[in-house]
Amino acid sequence: MPSLLVILPLLAVLLLNLPLNFLRRLALPAALLLALYQAAFALGVLPACCAGCPTQERWFLNALDPLTSVLLLAIAIVAFVSVFVLRATAGEERREFNMLNLVFLAVAGMNGLVLVRDLFSLYVFLELASIASFILIAAHREMGGLEGAFKYLVMSALATMMMLASIALLLALSGSTSFGAVAEALQAHARHGYVLTALGLFLGGLLIKSGVMPFHGWLPDAYSAAPAAVSTLLAGIVTKVTGVYALIRLVLDVFGFTPATQQLLLIFGAISVVAGALAALGQSDMKRMLAYSSISQVGYILLGLATGTGLGIAAAVFHLFNHAIFKTLLFVNAAAVEKQTGTRDMNQLGGLAQKMPITGVTSLLAMFSTAGVPPLAGFWSKLLIIAALWLSGFHGYALLGIGASLLTLAYFLSLQRRVFFGLVRAGCENVREAGWALTLPSLLLAAILVGVGLALPWLIGTFLLPVKGF
Amino acid sequence: MSLDTIMLLVVVVPVFGSLLLPLVGKVCKSTRNGLALLLVLVSLAGSLMLIGPVMSGKVITLTFPTGFGQMMLMADRLAVFMALVSSLVGAIIVFYSWGYISHYENQNEYYLLVVLFLGAMMGLVFAANLLILYIFWEITAIASWRLIGFFRSPAIVLRADKSFLVTFFGATMMLLGFIMVREQAGSWDLPAIKAALVGHPLSSAAVALILLGILSKSATLPLQTWLPDAGVAPSPVTALLHAAVLVKIGVYAYARLFVVNMPLPEIWQTIVPAIAGVSALVAAGAALLETDLKRLIAFSTISQIGFIFLGLSIGGELALAGGLLYILMHGVAKGGLFLCAGIVEQNTHCKDITKLGGLIKTMPVTAIAFLICTFSVIGIPPLGGFFSKYMVIAGAAKGPHLWIVLSFVGTAFLTIIYLMRVFVMVFMGEPKTELKSEGSPVMVWSVALLALLSIAGGLLIYYPSFFATEATRQILGLIP
Amino acid sequence: MNLVSLVMPFGVFVALLAAVGLYCLIVTRDMLRVILALEVITKAVTLLLIVGGLVSGHMALAQAFVITLIVIEVVVIVAAAGIVIAVYKHTGTLDIRRLRNLKG
Amino acid sequence: MDPTFLKQQLLMNIILMGAMLLGALATVMLRQLVKAAIALAFTSVVLCVVMFKLNAPWAAVFELSVCAGLITVVFISAVSLVKPATEEERAAHIRFKTRRYFLLPLVLLLVGVGLSYVTGQPLPLPAAEPAGTELRSLLWGPRALDLLGQVLVLLAGVWGVVMLFKEEK
């Protein structure tokens, strides 16, 4: 029952806030259980989804397809992990409980967003996830978090207004907001200026939401200043679902691939890939570097999507999933480093791999996965994206993507050199591994990365359908 | 045990076994050292067991059905030859490490990476699928990155990153080339590609991109810069990296891809030897000026790689067989040189040849081993290096490009000059540093073994050259 | 009558309203006024939704949308106001130029 | 909806929307934030009238009570928490206001002129709503999901208030 995925978090929030003291302590296990249920659900329906079996449900008609279930799985994994991080870093019990409630709401928002097939409902759930994240970012009420939250809020509000305006225009055109009806109406008048305005507004809003360059201004601030658990959730999945997933879904189901959309995606994708990587190269704050890296990786997803071929789309979705895993892992490790050393400034760190071996090794795996070093999961998605670009005839963009993966490796090597590798820096001698609440999720995510990477040649035919026989 | 299982074990045992080493190392150090050697010896033994079948003309294949279509491992004579060379030198290097690395921290990491590296090398050798080849290719790059940065001081780590970036750049370009091959031939599998490319030569862009990857890995001009810098690594590592295995990966990939499976258009038979010639000559010149012992030997490696490329790319049975033989002889001899350099460095704490001298008095075995290996690299009969160099040059002389051959002859003379200069400056003359005795027995035995192998390679030249010739005939399709 | 000419006069005013809001968003240095500017843009979009319902004849649908939009709008404004007040408590000013701590 | 009826109403609507635009300008340009908030409320009220005239009574009621009412209250309480501006700041504001806002009329003119040139091929009107579709049945029927979303958003708002406004000990 997909609607349970939205209703259960709501019920959890309502029940946990009944005026009974012991309930508060149940919040954490409840969150973990919910995430596990969701992961199991997503994995359970995945084969059926891939086989193309439609599901009948009142609210979410035909909601389950491979894209949706992959996203549901990613949401579950990232939420699971960030609850651990929350436990390790939130501090005060009361605040931890409040933040957990908001995490429930954010997850409900993302699940709804992934499941709906209606433009306006998409807007509603998108706002739900966003509002929960603004508040979470500002949760510690420190200056940096507030600043990041305010910037995110303003840009996000602007983006949703653009989308709503577009929804209004499309409503006037088609008399409905369901994906199918709008897509039909759009097809009938594909090249009309009115339609192009509506499309442009919507795509613009989604690009702002995804933090694509040059609309990225809010993203590094929000990621780097947020509390550790929140930046894990935000970077791993929230902005990916609210921005990138929505973009993929709408382009696939509603807008279709016109040469104009393709060009738009290619250009913004290419700018993000290269400029994001270059900006990351110049950072000294660990989380900021990861944020720029995120922008760069979103660029890859757009490039894959832009090809419009089955291979490219599957690769983009796969990269989205991979990105959720490895970026979450990196943010968890950044949280561990910050917690143990008290700083994120990479110039003050060094040699931590010897002091925190688990953090060091898992970070390395995540970085290599991002850079596309085999045999990790990120390699396959990047390979498929590049191959899709090449086979679709976008040779220049393929070359660009390959070149940028060199940049990716360069900035991650610099991070690795300054934080983990090298000699132990003065002041870091007594650093120890963070507690199990941070190492356990790291190990889990690293296992997924390696497992998916090694098993992919066999998984690819089963779960990434269009890629079969590539 | 069937033959394809043996082939699989040769790859899988060291790759996955290496992951156990840090765990074992936490419990007992000597068990870990023994296990590390054992893992490499399994590869060596497996490769030895494959000799018989492949020499009788068999090609052993193992296919996995995957979402990317078939994925293949394949053992033919070329692969088994290469596997033998690398696992042989690798085993000696691991043995030498017992002595050398025991002075340093992070030994668990060291053994993990060395064995993983050798395992990945085995995988690369038996790969008959472009994706598998690429994966193992990058694993070797990762392992060598960590090994170069082993001592962890900022300058060293920076150089490690540099070498990783250069090889990664080459590898990604190669990957793009592979994608182009895939587009043209419709498969990642080498046999299928070979069949598809009959009559349709590969596009020049794909060849150039793949060549970029190969050149970066084998440190050939213009992507040679990382290799001399990599000399900051622990000595056995540089020996492993430079001499025995890493740079040979590029050479082997060239043979595997362009000689065996994707015949190149005519024009590349001029371009590649010309690149090799320039690279060999320039690197020899650089070696002549260098005073850092390990950097000098590294430049010498770049120079010698040029000879191998010449043998493989110029065409003709004699040159090709010479090139293969060169891989073996150079691996053994250059490994010996590096390990000797390691002993010298560890005992005197000095790598500058102008500040060394007279070491033969206290380190006779090391000195003689160094001399023998030097002779082998130079190509003095009856050592192994002579035959391979002779075959390459003689084979190339049959070809149309006399000027390329002449440049290589010039390089060979330069080799004599710079290597003898090293020997004289380090081991002869007046002692300039405090004299130390020989290194630990394990280390001395290792270099002596390599020197003996160099001699044996010359005296018993019949066996390796028979193997190389047979492999060549199989490559050229003269026999099935 | 067709769709374009029907929406046009309304569309012009919606665009003008949005332009006022956007302009203010760009030039203002006061955080509370940033929120006011967002509100003005929201008004423009609300009007557009109603017009969309009007010309498509799905007025009930458009009303449902507007009601939902208004509820969400309130929550966003409350969250924004909360953030602004918290910033004010830290810095004692509403000047947006104080939000320059995060750079790079 | 009958198009001729619309045409008759158009003039009236244009006047109303002009008033809205004035309200928006006042919101943006008035110096005191309290006055600006009241100007926003005025804009909302006019919008509410426009909605009534466009036959959207329910939405109009919401606009009136929530936007013109609740949001203004939120704003004014937020403003009241902030110290009133000093003389200096006021002077600075007046000095900068002209400099910052002088482009606004130009921008508006350009947008207006630009849009009035936009014409396109006619797009047909979509089929009208089946008669008898009521807001109530619509909200609780096909759009129930949005209602659920609203509930969740309101809950998020509750935590926003709890976490952002509550005094920390």
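Scroll up for the structure.
Residues numbered from 1 in each chain as written. Chains lettered and ligands numbered in written order. Predicted model: local features only at pLDDT ≥ 70, side-chain atom pairs only at ≥ 80, totals over all residues. Heavy atoms only, no water.

Peer 1: Can you tell me about the packing of aromatic side chains, naming the residues and giving the values?
Peer 2: By the definition in use, this model includes 35 aromatic pairs over all chains. With a centroid separation of 5.4 Å and 20° between ring planes, the pair formed by Phe379(A) and Tyr134(B) is classed as stacked. In this pair, Phe379(A) is assigned in helix H16 (residues 377-391) and Tyr134(B) in helix H5 (residues 130-148), connecting two distinct chains. Between Tyr462(B) and Phe466(B), the ring centres sit 5.9 Å apart and the planes meet at 15°, which makes this aromatic pair stacked. Taken together, the residues Tyr462(B) and Phe466(B), both in helix H19 (residues 462-475) and four residues apart, mark about one turn of the helix. Of the aromatic side chains, those joined through ring pairs into one cluster are Phe368(A), Phe421(A), Trp145(B), Phe164(B) and Phe168(B). Cation over ring: Lys389(B) sits above Phe307(B), and NZ or CZ is 4.8 Å from the ring centre. (Phe/Tyr/Trp six-rings, centres within 6.5 Å; stacked < 30°, edge-to-face > 60°. Helix = DSSP H or I, 4+ residues; strand = E, 2+ residues; numbered from the N terminus. Lys NZ or Arg CZ within 6 Å of the ring centre and 35° of its normal.)

Peer 1: Tell me about the interface of chain D and chain A, and name the residues and values.
Peer 2: Tallying the contact residues gives 28 residues for chain D and 36 residues for chain A. For the pair chain D and chain A, the summed buried surface comes to about 2600 Å²; carbon and sulfur atoms form 72% of the total. Linking Arg143(D) and Asp118(A) is a salt bridge whose minimum nitrogen-to-oxygen distance equals 2.9 Å. If you look at where chain D meets chain A, you find five residue pairs in polar contact (both at pLDDT 80 or more). (Contact = heavy atoms within 4.5 Å. Buried area = accessible area lost by both parts, 1.4 Å probe. Salt bridge = Lys/Arg side-chain N within 4 Å of Asp/Glu carboxyl O. Polar contact = N/O pair within 3.5 Å; in protein donor to acceptor, adjacent residues only side chain to side chain.)

Peer 1: Describe the environment of Ala31(A), with residues and values.
Peer 2: All names here are of chain A. Structurally, alanine 31 can be placed in helix H2 (residues 23-50). Distance from alanine 31 to glutamate 147, taken between C-alpha atoms, is 28 Å for residues 116 residues apart in sequence. Aside from chain neighbours lying at most four places away, what touches alanine 31 is Val83, Leu100 and Phe104.

Peer 1: Describe the interface of chain D and chain C, with residues and values.
Peer 2: If you look at the interface, chain D gives 83 residues, while chain C gives 63 residues. On the chain D side of the interface with chain C, the three residues burying the most area are Met17(D), Phe75(D) and Arg100(D), jointly 9% of the side's total. Connecting chain D to chain C are one salt bridge. One salt bridge connects Lys43(C) with Glu63(D), and the closest N-O pair in it is separated by 3.4 Å. If you look at where chain D meets chain C, you find eight residue pairs in polar contact (both at pLDDT 80 or more). Taken together, the elements giving at least two residues each to the side of chain D that touches chain C come down to helix H1 (3-29), helix H2 (33-53), helix H3 (57-81), helix H4 (87-101), helix H5 (103-117), helix H6 (135-140) and helix H7 (144-165) of chain D. Looking at the side of chain D that touches chain C, the element that brings in the most residues is H1(D), giving 15 residues.

Peer 1: Now, about the environment of Ala36(D): what can you tell me, with residues and values included?
Peer 2: Along the chain, Ala36(D) falls in helix H2. Under the relative-accessibility criterion, Ala36(D) is labelled buried at 0%. On a C-alpha basis, the gap between Ala36(D) and Leu164(D) in space is 24 Å, while along the polypeptide they are 128 residues apart. Those residues in contact with Ala36(D) that lie beyond four places of it in its chain are Arg33(C), Leu36(C), Thr27(D) and Leu30(D). (Buried < 20%, exposed > 50% of the residue type's maximum accessible area, 1.4 Å probe, protein only.)

Peer 1: Give a detailed account of the packing of helix H12 (residues 286-306) of chain A against helix H17 (residues 395-420) of chain A, specifying residues and quantitative values.
Peer 2: Residues and elements named next belong to chain A. It is at 11 Å that the axes of H12 and H17 come closest, and there the two elements cross at 160°. When the interaxial angle is binned, H12 and H17 end up roughly antiparallel. Crossing angle aside, the handedness with which H12 passes H17 is left-handed. The residues of H17 that touch H12, namely those facing Met286, Met289, Leu290, Ser293, Ser296, Gln297, Tyr300 and Leu303, are Tyr397, Gly401, Ala404, Ser405, Thr408, Tyr411, Phe412, Ser414, Leu415, Arg418, Val419 and Phe420. (Axes fitted to C-alpha atoms, helices over the stretch in contact; angles between N-to-C directions. Parallel < 35°, antiparallel > 145°, perpendicular 65-115°, else oblique. Left-handed = near helix turned anticlockwise from the far one by under 90°.)

Peer 1: Tell me about a nonpolar patch on the surface, and name the residues and values.
Peer 2: Residue and element names in this part refer to chain A. Taken together, Leu11, Leu14, Leu15, Leu18, Leu20, Phe22 and Leu26 make up a surface patch of nonpolar side chains, about 640 Å² in accessible area. Relative to the helices and strands, leucine 14 resides in helix H1 (residues 4-16). On the accessibility criterion, leucine 14 (45% relative accessible area) is partly exposed. (Patch = residues over 30% accessible without salt bridge, like charges linked within 9 Å, V, L, I, M, F, W, Y side chains within 5 Å. Areas by Shrake-Rupley, 256 points an atom, 1.4 Å probe, with all protein chains shown as cover.)

Peer 1: Run through helix H12 (residues 268-289) of chain B, naming residues and quoting values.
Peer 2: Residues and elements named next belong to chain B. The end-to-end C-alpha separation of H12 is 32 Å, in line with the 32 Å expected for 22 residues at 1.5 Å each. Within the sequence span of H12, burial applies to Trp268, Val272, Pro273, Ala276, Gly277, Ser279, Ala280, Ala283, Ala284 and Ala287. Buried residues in H12 make contact with helix H8 (204-217), helix H11 (246-261), helix H13 (293-313) and helix H17 (402-427). (Expected span 1.5 Å × (residues − 1).)

Peer 1: Which residues make up the arrangement of the chains, and what are the values?
Peer 2: Where four pairs of chains are in contact, the pair with the most contacts is made of chains C and D. There is a clear gap between chain B and chain C: no contact, and 24 Å between their nearest C-alpha atoms. Chain D makes no contact with chain B, the minimum C-alpha separation between the two being 39 Å.

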